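# Observations on the model geometry
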Amino acid sequence: MDIINFLKIILKGISQIMLQNNAITGFLFLIGIFYNSPIMGFGALIGVFASTIIAFILKYKKKDIEDGLYGFNGALVGIALTFFFNVNFLFNNFIILGSILSSLVMNFMHKRKLSPYTFPFVLSTWFLIILIRYYDLVPQKIQTLIEVANLNFVSSLSMGFGQVMFQANIITGIIFLIAILINSKISAIYAFIGSFIGMITAILFSFQLNLINLGIFGFNAVLCGIAFADNKKYSLVYAVISIIISIFIIYGMITLNWIALTAPFVFATWITLALRKVVSQKIKYFN
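Counting starts from 1 at the beginning of each chain's written sequence and moves along it residue by residue. Restriction of local features to residues with pLDDT of at least 70 applies here, the model being predicted, together with a cutoff of 80 or more for giving and counting side-chain atom pairs; totals for whole chains, interfaces and linings are based on all residues. As a convention, hydrogens and water are excluded, and side-chain values are obtained from all of the structure's heavy atoms.

## Considerations on helix H7 (residues 119–135)
Cut-off, in case you're wondering: Numbering of helices and strands runs from the N terminus, with a helix taken as a DSSP run of H or I at least four residues long and a strand as a DSSP run of E at least two residues long. What a helix should span is 1.5 Å times the count of its residues minus one. The rule is simple: take the accessible area with a 1.4 Å probe, protein chains only, and divide by the maximum for that residue type; under 20% is buried, over 50% is exposed, in between is partly exposed. Pairs of residues are marked as contacts when any of their non-hydrogen atoms sit within 4.5 Å.
Taking 1.5 Å as the rise per residue, H7 with 17 residues should run 24 Å; its terminal C-alpha atoms sit 24 Å apart, in good agreement. Where H7 is concerned, the buried positions are Phe119, Pro120, Phe121, Val122, Ser124, Thr125, Leu128, Ile129 and Ile132. Each element contacted by the buried residues of H7 is listed here: helix H5 (72–84), helix H6 (91–111) and helix H14 (263–286). Once H7 ends, the next one or two residues include Asp136, with phi positive near 50°.

## Points about the packing of aromatic side chains
The geometry of two aromatic rings is summed up by the distance between their centres and the angle between their planes. Put simply, the test is: The aromatic pairing rule takes the rings of Phe, Tyr and Trp, using the six-membered ring of Trp, and pairs them if the centres are within 6.5 Å, calling planes under 30 degrees apart stacked, those over 60 edge-to-face and the rest tilted. Geometrically, a charge over a ring is one whose NZ (Lys) or CZ (Arg) sits within 6 Å of the ring centre while staying within 35 degrees of the ring normal.
Using the criterion set out here, one finds 18 aromatic pairs in the structure. Relative to Tyr70, the ring of Tyr60 lies with its centre 5.0 Å away and its plane at 35°, an arrangement referred to as tilted. One end of the pair, Tyr60, is in the loop between helix H3 (38–57) and helix H4 (62–66); the other, Tyr70, is in the loop between H4 and H5, with ten residues separating them in the sequence. Comparing Tyr60 with Tyr70 shows no difference in burial state: the two are buried. The interplanar angle of 10° and the centroid separation of 4.1 Å between the aromatic rings of Phe207 and Tyr251 together place this pair among those described as stacked. Note that Phe207 is positioned in the loop between helix H10 (185–204) and helix H11 (209–213) and Tyr251 in helix H13 (residues 235–255), a separation of 44 residues in sequence. On the basis of relative accessibility, which here comes to 37%, the residue Tyr251 falls in the partly exposed class. Taken together, the ring pairs connect Phe205, Phe207, Phe217, Phe248 and Tyr251 into an aromatic cluster. Lying across the ring of Phe108, Arg112 places its NZ or CZ 3.7 Å from the centre.

## What about the pattern of salt bridges?
We apply this condition: For this document, the term salt bridge refers to a Lys or Arg side-chain nitrogen within 4 Å of an Asp or Glu carboxyl oxygen.
Under the criterion given, the structure shown has two salt bridges. Lys62 serves as the salt-bridge partner of Glu66, at 3.9 Å between the closest nitrogen and oxygen. Of this pair, Glu66 and Lys62 both sit in helix H4, four residues apart, which is roughly one turn of the helix. Classification of Glu66 by relative accessible area gives partly exposed; the value is 27%. With a closest N to O distance of 2.6 Å, Lys63 and Asp67 form a salt bridge. Taking the relative accessible area as the measure of exposure, Lys63 reaches 48% and is therefore partly exposed. Its relative accessible area of 13% is what places Asp67 among the buried residues.

## Let's talk about the side chain of Thr125
Note the cut-off: Residues adjacent in sequence count toward polar contacts only when both atoms are side-chain atoms; beyond that, a polar contact is any pair of N or O atoms within 3.5 Å, and within protein one must be able to donate a hydrogen and the other to accept it.
Along the chain, Thr125 turns up in helix H7. The exposure class assigned to Thr125 is buried, which follows from its relative accessible area of 0%. Looking at Thr125, its side chain comes within polar contact range of the main-chain oxygen of Phe121, at 2.8 Å. The residues touching Thr125, leaving out its near neighbours within four places in the chain, are Val77, Ala80 and Leu261.

## Section: the nonpolar core
Threshold: We define a nonpolar core as any set of buried Ala, Val, Leu, Ile, Met, Phe, Trp, Tyr and Cys residues linked to one another through side-chain atoms lying within 4.5 Å.
Of all hydrophobic cores here, the largest spans 78 residues; its most connected members are Ile17, Met18 and Met165. Looking at which element gives the most residues to this core, the answer is H5, with eight residues. Those residues in contact with Met18 that sit more than four places away from it in its chain are Phe29, Phe161, Val164, Met165, Phe176, Ile180, Leu223 and Ile226. Counting five residues, the second-largest nonpolar core is a separate cluster that includes Tyr190, Phe228, Ala229 and Ala239.

## Description of unusual backbone geometry
One non-glycine residue with positive phi stands out, namely Asp136, at about 50°. With respect to the helices and strands, Asp136 occurs in the loop between H7 and helix H8 (153–162). Judged by relative accessible area, which is 63%, Asp136 ranks as exposed. With a phi angle near 65°, Asn257 is a residue other than glycine that sits in the positive phi range. Positionally, Asn257 belongs in the loop between H13 and H14. Relative accessible area serves as the criterion here: at 68%, Asn257 is assigned to the exposed category.

## As for the environment of Leu157
Tracing the chain through its elements places Leu157 in helix H8. On the accessibility criterion, Leu157 (16% relative accessible area) is buried. Along the chain, Leu157 and Ile212 lie 55 residues apart, while their C-alpha atoms are 9.0 Å from each other. Leave out the neighbours within four places in its chain, and Leu157 touches Phe192, Ser195, Phe196 and Met199.

That is the geometry; function is a separate question.
What follows is the structure in structure tokens.
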């Protein structure tokens, strides 16, 4: 394989973080990450390279590798670890370990015809966070929240996109939206609906304003929207159901002081897919 095709696979791996199969979209995602945080950008690159290369070495399905399906979870592992921890001489090894683990989990789920989404990333990152914290292997970053008095609509909507990749930056969020739009207009529309509903729901239930402004109640909702983005009958209904479920899951996890990552998106989507299957079976039965 030549270097150009390999780089396309890497960029598609980045794009698949938001369920897009497009190298240009992936390139724009990468630009958005580097714009906000070069360290997280390098973390993403280490992760996507490690998870993709191990998939080649283990001879996983070629089409899946070429579509970037073994890259995006590793990229997210790299971004997440650089978000939670300070870099030291051990750090890259943990990104590589987590990225490899994410590919192993991804392949395990694919073989069983499950819907992995970002669960391999979630599982790998939870494992590494527990491991690193328990043995105090890498210094943790201190995350502080600034109390705010007013809602910022632009910030909340934009960061609903940015926070999918831990980017608390309005410009980065806008770049992400444009990147999705380039590949799929309907995905961009559903993603925006997700961020909007996340914000509105959080306002209606009086969730913390600083978290609303940071897009914390929007980013899982964005992914839920994209997961159901198509022109099929009732797709919008299922998207909204999934979005709302994800909002309350992340609120519950925050209340319990659990690190949510994209688990609310995964769990909400699984629940909604199961619901859709039951409804489809009932419709067939009555017809």
